[in-house]
Structures are given as structure tokens and as C-alpha cells.
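Chain and residue survey
Letter by letter, the chains look like this.
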Amino acid sequence: MNPFVFEIWLHVGRQGRCFSYQDGNNLDIDLGDVVTVRLKGRLMQGLVVNKRHRSKINLNENPKNISLNNVVALVQKAAIKKEWREWLDEIAHELFVSNFQMLKAALPPGWLGRSKLSNRSKKLWWVKLSTKIFEKNISTRQLELKENLFLNGGGKWQKDLEADGFSASLIRNFVSSGYGEREKRVFHFTSFEDEKLLKAEDPQPLTVEQKLAKEKYEALQSGSALLLWGVTGSGKTEVYLQIAAYELSESRHCLILTPEIGLVPQLVDRFRKRFGSNVFEYHSNCSIKEKIDTWKRSLETTIPSVFIGTRSAIFLPLSNLGLIVLDEEHDSSYKQEAPMPCYHARDLAMHRAKKIGAKVILGTATPSLKVWKDIEPKGNIVVAKLNRRILNRQLPIVNVVDMREELAIGNRSLISRYLKKQLLSLKKTGNQAVILVPRRGYSSFLSCRSCGEVVQCPHCDVSLTVHRSKDGNQWLRCHWCDFRSKINRKCGECGSEAFKPFGTGTQRVMDHLERELEGISLLRFDRDTTRGRDG
């Protein structure tokens, strides 16, 4: 029997607790392993955080000589490394949270606690061309689908076909007509069946400013940061790609962070075109199994790889990490506000880079004030500017309209006269326009004009949004918990009936444009109109 007693941290209570177990099944348990144990008859997964030799245990700790339970199974060997754990403990100290609270935030969800991951492989639909020849008439879209399958070696995952624009009903009709076949196959998240089809994209020629930025990066000392300050369209991503290529050639991993999940696919696409299949995602849109698979790969891989994700990806336990990129570093989404621990991914990236000798690139067109005050010569952040767009393209023309002046001349419309003129010209020019509205619904909130009370959600402490149906009926809705209620006639605070909706949502803008822009096709695109199978 293993001579050690192991302290295993289990997700019990708010902070978690450590319990003592023995390795009676000779599983070769050690520090940093994720294991399965029994606690009050329930199977739970926990982390080995300490071990003590039986001979050094004080007998007073176990006066009744109570026997220890055995560890049931080994889930993951060396799930965390000593250096990574030390860095995490330092961060916990700086953020005034417990080490276990920090550990819980860093590890992928589902690894610790009662949740038991299924070992069953995930099966998805695989679509392939039929071996039989049919002489039937084939529609244009079915012909396009057939060509797509042919160009991909005769078969492709249905989810990828749907991503290419082929609907599920089209694929079913294609199969039922005899042009294709469909079967369930095991899908592995980390396997790239189309790896042989990935052709490495050649690097683009750099401009003078891009070359200078790359040279400044290469001249950086280990643990330092470079602010890549470039206007929109100046080629910051190409600089990331070529610097990442340099780091990969030196056998070092690269970590690329982006503030929003919506920006991840385009970055993954760009990097996979350049570096092939050694590019992996880690963010909240990934399933628990996908997150754990990526975590395991970051632990075990010896091949220099690129990992792309949101702020939580800063915790990936990459050993030989050479580059950390924060794209759009000014974005507030890099800051974790709640729940605890509250951290900023930029601060963690700088701290980690100094500890392990990596380099950081902060890419933005509008640097944050925190970074601004730390640039040279007053600070230690080196600056590389990209003032010109690629191919010297002109920046778009921006017109700022003061709506107070519009109101002064009698225009009480939601849009300015200039905007209305531009929208009406679309019919002649054949162009399209996108109007961005920050809130959905009809009005942002409902307020009492007598006492100023704003109607709020009873569960979320946020203002309820006014929604309106086509027949004119209005109701209140919370965009956080989906709580709904009728609009009361009287204010709950003062009893006044002077209620008035304030603010503008997508629904109200759409109604207004339908009245103002006759003969122009309009489409409202928000969560209310796109949810559901027909969205």
C-alpha cells in the first residue's frame, strides 16, 4: 500500500474542504492529480493538494484510529503543475481570495464536484456522396451540395455543411433523393478529419510599419510588453500571425486572447489557415468535454501550438509559453466583475509573462488609460504604431449629428434628416445599410414622471424593458431572467398615473423606419427575432 496519506480538495460548501484519503488501490496518486473519491456515499471528483507520510502524522490527529477511505479512480494525472499552482497562489494573494477559490475559477468547469463526465463518444451525422448513379433532375442547391462534398473528398460532417449555408432539410432531401448517404459517426473534438485539406497560407508582405513592429517585438526583453497601436484595418492580425510563427519556430506556445466569443471564430479561421490543425479554442461556448480536452492538450502537447480564447484562457497551464496577445486590450470584457475572484486578464497576462519569461502584445486602436500611463518613457511598455491602413485605404467618413439642433428646428423624429436622406438614397444606389441600436425591445425603461421611480425586475435589480406587439399591446420584460409583467396604471411608489416609456429599442426603431422609409426592405436582427428554429 502507498505509504502516503493524501489531502484531496473537494468542492464542498462555498470555499471547498480538504479530506484525507489513502491510495489503497495502488493508483500511483500524486500531487496535482484529479481523482474520484467517495464522500458520504457519493462519488465526487477532487484535486490532490497535499500528501504526508504515515510515519509523520501526529497520532493525536486520529485518536480513534479511524480507517481512511481509498481513492476510487484516477481521472487525470498531473492536471496542474507546480509552477502553475505557485503562480495561481500569488494571484490569489494579490486578489485577496483563498487559494481554493482561485483554483476553482481557473480549472475547467465540470472537473471538480459531483458532475460525472460521460465517457461515451459523441456521434454526429456524416454525409457522403452516394455510390449509386441517378439520372433524376437535381436542383441547383443540391448540385452545389454535391460539388461541396466532392471537393471535400466525398464526405463531410453535417454541422460543417450547415455552417457552409446548406440547411438540414436540404441535406435530408438530398439523401432521400438518393444523391447522398448519411450515417452517425464518432466525432472527436480534438481530431481534425480535414487536416489533409488544410493548406498553409503564405505570410502576407509586411508594410514598413508592420516590419518595425515585428522588430520591436523581437528586441523586447523576456517578461516585457509591446503596445501595438494601430488604426482599424492597419494589419494588426497579420503582425500577430507572423510573430506567432516566430515563436512557434522557437518551440514555444502562443496564447491569443479576445474580449468577446463572437470574435473567436474569425481569429481561429485566420490562424488555422496559417498554421493548420495545431490551433485550439477555449471559451464558454465550448462544451465541458471540449474545455477539458483542450486543457489536457495544453498539459500534454509537446508540439508548439496556438490557443485562442476569451479571458478564462489565461489560466491554461501551458509550460513553454512564449507569447500572450490581448487583442482589443481596451475592452472592458477582459475584466471579471462577478463572481469572485475579480481579475483583469491584462494584469494576469503581465504577471504571468514576468514570471515565466514570455512576452505580451497589447493590440488596440484606442489604448486604455491603464496602458497609456505605462508606455515609454514614463513606463516600461514599448509602443509600435500602425498609422496607415493596408494598401493606404481611406478611413470611412464619420458624420456626427447633434440631435439637439435637430430638435431646435422642429425635427422630433428618432433619426436625423441627414440619416434619413442617406437611407432614402439606398433605393437608387442599390446599397445596403446597417443601423445599430444598443437595446432591444420597444423602450429601454418605464419611469414615473412624478417621482422618477424606474420599474425594475424583482429578481435582478435591473430596469424592465418595454416590449410592444404588432396590435399595440405593451408589456414589461427582463432581459436577464426573462421575467414578464403587465404595465400597471399607477406608480408603485407614489400612486401617480404619469407613466412614460423612455429610451429607444430595436423594436421601436423598426416601427419608425417602416413609416419613414416606404419601398425599402427592412430586416430586424436581434435576439427576439432570431431565437427559435425559424429565426
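One can find the structure itself at the top, above this paragraph.
Throughout what follows, the structure given in this document is the object of discussion.

1. Things to note about the sheet that holds strand S3 (residues 34-39)
The five strands are arranged S2-S1-S4-S3-S5 in an open sheet whose pairing can be described as antiparallel. Each edge of the open sheet carries a strand with a single partner, namely strand S2 (17-22) and strand S5 (73-76). Pairs of neighbouring strands in the sheet enclose a mean axial angle of 50 degrees, with direction left out of account. As paired strands, S3 and S5 are joined by three bridges and run antiparallel to one another.

2. Observations concerning the packing of helix H7 (residues 236-249) against helix H8 (residues 264-275)
Two packed helices can be described by the angle between their axes and the distance between those axes. It is the contact of H7 with H8, at a shortest axis distance of 11 Å, that shows an interaxial angle of 45 degrees. When the interaxial angle is binned, H7 and H8 end up oblique. Judged by the sense of rotation from one axis to the other, the crossing of H7 with H8 is right-handed. Contact residues: H7 offers Thr-237, Glu-238, Tyr-240, Leu-241, Gln-242, Ala-244, Ala-245 and Leu-248, while H8 offers Leu-267, Arg-270, Phe-271, Arg-274 and Phe-275. Its residues assigned to classes, the contact of H7 with H8 comprises eight nonpolar, two polar and three charged.

3. Focus on helix H3 (residues 140-151)
Working note: α-helix, 3.6 residues per turn, so residues spaced by three or four point in the same direction. Here H3 is twelve residues long and its end C-alpha atoms lie 17 Å apart, about the 16 Å a rise of 1.5 Å per residue gives. Those residues of H3 that fall on the buried side of the exposure criterion are Gln-142, Leu-145, Asn-148 and Leu-149. Along H3, the residues classed as buried sweep out an arc of 115 degrees about the axis, all on the same side. In H3, the exposed residues that point more than 90 degrees away from the buried face are Thr-140, Phe-150 and Leu-151. Taken from the residues just after H3, Gly-153 is the one with a positive phi, measuring 80 degrees.

4. Some points on unusual backbone geometry
For the peptide bond that leads from Glu-376 to Pro-377, omega is 5 degrees, which places it in the cis range. Position of Pro-377 among the secondary structure elements: in the loop between helix H11 (369-372) and strand S15 (381-386). If you check the backbone angles, Ala-78 has positive phi at about 50 degrees while not being a glycine. The backbone phi angle of Phe-96 is positive, close to 60 degrees, even though this residue is not glycine. Topologically, Phe-96 is positioned in the loop between helix H1 (82-95) and helix H2 (99-106). A relative accessible area of 77% places Phe-96 in the exposed class.

5. Comments concerning the packing of aromatic side chains
Enumeration according to the criterion identifies eleven aromatic pairs in this entry. Ring plane angle 50 degrees and centroid distance 6.2 Å describe the contact between Trp-87 and Phe-315, whose orientation is recorded as tilted. On the criterion of sequence distance, the pair formed by Trp-87 in helix H1 and Phe-315 in the loop between strand S12 (306-309) and strand S13 (321-327) is long-range, its members being 228 residues apart. The buried category is assigned to Trp-87, whose relative accessible area is 2%. Of the aromatic side chains, those joined through ring pairs into one cluster are Trp-84, Tyr-282 and Trp-295.

6. A few points about the pattern of salt bridges
Enumeration according to the criterion identifies 24 salt bridges in this entry. Between Asp-30 and Lys-51 there is a salt bridge, with the nearest N and O atoms lying 3.2 Å from each other. Taken together, the residues span a long stretch of sequence, with Asp-30 in the loop between S2 and S3 and Lys-51 in strand S4 (residues 42-53) at a distance of 21 residues. The exposure class assigned to Asp-30 is partly exposed, which follows from its relative accessible area of 31%. Relative accessible area serves as the criterion here: at 29%, Lys-51 is assigned to the partly exposed category. Its salt-bridge partner being Glu-144, residue Arg-141 comes within 2.7 Å of it at the nearest N-O pair. With Arg-141 and Glu-144 both in helix H3 and three residues apart, the pair spans about one turn of that helix.

7. A word on the packing of H3 against helix H5 (residues 168-176)
For the pair H3 and H5, interaxial distance at closest approach is 10 Å and the crossing angle is 85 degrees. By the angle between their axes, H3 is roughly perpendicular relative to H5. Only Leu-170, Ile-171, Asn-173 and Phe-174 of H5 make contact with H3, whose side of the interface consists of Arg-141, Gln-142, Leu-145, Lys-146 and Leu-149. Of the residues belonging to the contact of H3 with H5, the class tally is five nonpolar, two polar and two charged.

Scoring rules and cut-offs
- Chains are numbered independently. Their residues run from 1 in the order of the written sequence.
- Note on the predicted model: pLDDT of at least 70 is required for a residue's local features to be given, and 80 or more for side-chain atom pairs to be given and counted; whole-chain, interface and lining totals, by contrast, use all residues.
- Based on all heavy atoms of the structure, the side-chain values leave hydrogens and waters out of the count.
- Strands were regarded as paired on the criterion that DSSP finds at least two bridges between them.
- The helix count covers DSSP runs of H or I at least four residues long, the strand count covers runs of E at least two residues long, and both are numbered beginning at the N terminus.
- Geometry is summarised by axes, namely lines fitted to C-alpha atoms with helices restricted to the contacting stretch, and by angles between N-to-C directions that run from 0 to 180 degrees.
- An angle below 35 degrees is treated as roughly parallel, one above 145 as roughly antiparallel, one from 65 to 115 as roughly perpendicular, and anything else as oblique.
- Take the far helix as the reference: if the near one is turned anticlockwise from it by less than a right angle, the crossing is left-handed, and if turned clockwise, right-handed.
- Whether two residues are in contact is decided by their heavy atoms: any pair within 4.5 Å suffices.
- Just so you know the grouping, Ala, Val, Leu, Ile, Met, Phe, Trp, Tyr, Cys and Pro go in nonpolar, Asp, Glu, Lys and Arg go in charged, and all remaining residues, Gly too, go in polar.
- What a helix should span is 1.5 Å times the count of its residues minus one.
- Type-normalised accessible area, obtained with a 1.4 Å probe on protein chains alone, sets the label of each residue: buried when under 20%, exposed when over 50%, and partly exposed for intermediate values.
- Starting at the helix axis, one direction is taken to each C-beta atom, and the arc is that of these directions.
- Ring pairs are drawn from Phe, Tyr and Trp, using the six-membered ring of Trp, whenever the two centres fall within 6.5 Å, and their geometry is named by plane angle: stacked under 30 degrees, edge-to-face over 60, tilted for the rest.
- A side-chain nitrogen of Lys or Arg and a carboxyl oxygen of Asp or Glu constitute a salt bridge if their distance falls within 4 Å.

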